[in-house]
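Structure assessment
Now for the letters of each chain:
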Amino acid sequence: GEPRGQDDDERSRVAVVSFGSYRLGVNRPDGDIDALALSPPHCTRADFFGSLVKTLEEDPRVSELHPVPGAYTPVIKFYIEGVAIDL
């Protein structure tokens, strides 16, 4: 059954947290931001890469989008408004 008090929107939320040099405040201006997406347990790798990559492709602020879903540590590399992101 469904968890009490949670609707579809709450169960599909993804939290994004930064880590690495950006999080520690020691990043360089030309460095990237390392971010981790924490998704609900029912979200598969295929779900995540399918819907998120599509959303990023449609965002005009995003460029150089390179999803690597088959990697040991899956990653989506992209720029948003000129800032490099490894998600």
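Procedures and definitions
Residues numbered from 1 in each chain as written. Predicted model: local features only at pLDDT ≥ 70, side-chain atom pairs only at ≥ 80, totals over all residues. Heavy atoms only, no water. Helix = DSSP H or I, 4+ residues; strand = E, 2+ residues; numbered from the N terminus. Polar contact = N/O pair within 3.5 Å; in protein donor to acceptor, adjacent residues only side chain to side chain. Salt bridge = Lys/Arg side-chain N within 4 Å of Asp/Glu carboxyl O. Buried < 20%, exposed > 50% of the residue type's maximum accessible area, 1.4 Å probe, protein only. Core = buried A, V, L, I, M, F, W, Y, C linked by side-chain atoms within 4.5 Å. Contact = heavy atoms within 4.5 Å. Phe/Tyr/Trp six-rings, centres within 6.5 Å; stacked < 30°, edge-to-face > 60°.

Attention now goes to the side chain of Asp-59. If you trace the backbone, Asp-59 turns up in the loop between α3 (45-58) and β3 (62-68). In terms of polar contacts, Asp-59 uses its side chain to reach the side chain of Arg-61, at 2.7 Å.

In this structure the tally under the stated criterion is two salt bridges. Between Arg-61 and Asp-59 there is a salt bridge, and its shortest N-O distance comes to 2.7 Å. The buried category is assigned to Asp-59, whose relative accessible area is 17%. A salt bridge links Lys-77 to Asp-86; the nearest nitrogen and oxygen atoms lie 3.2 Å apart. Exposure remark for Asp-86: the relative accessible area of 15% places this residue in the buried category.

Taken as a class, soluble globular proteins show a tendency for nonpolar side chains to be buried jointly. Grouped together as the largest cluster of nonpolar side chains are 11 residues: Ile-33, Ala-35, Phe-48, Phe-49, Val-53, Leu-56, Val-62, Ile-76, Phe-78, Ile-85 and Leu-87. Among the elements of the structure, β2 (33-38), α3 and β4 (75-80) are those that each provide at least two residues to this core. If you tally residues by element for this core, the top one is α3, at four residues. If we ignore the near neighbours within four places in the chain, the residues touching Phe-78 are Leu-56, Val-62, Ser-63, Glu-64, Leu-65, Val-83, Ala-84, Ile-85 and Leu-87.

Unusually for a residue other than glycine, Glu-64 sits at a positive phi of about 50 degrees. By the element assignment, Glu-64 lies in strand β3. Look at Glu-64 and you get exposed, because its relative accessible area is 51%.

It is worth spelling out the packing of aromatic side chains at this point. How two aromatic rings sit relative to each other is given by the distance of their centres and the angle of their planes. All chains considered together, the criterion is met by one aromatic pair. Relative to Phe-49, the ring of Phe-48 lies with its centre 5.7 Å away and its plane at 80 degrees, an arrangement referred to as edge-to-face.

Any functional reading would require information that these geometric values do not contain.
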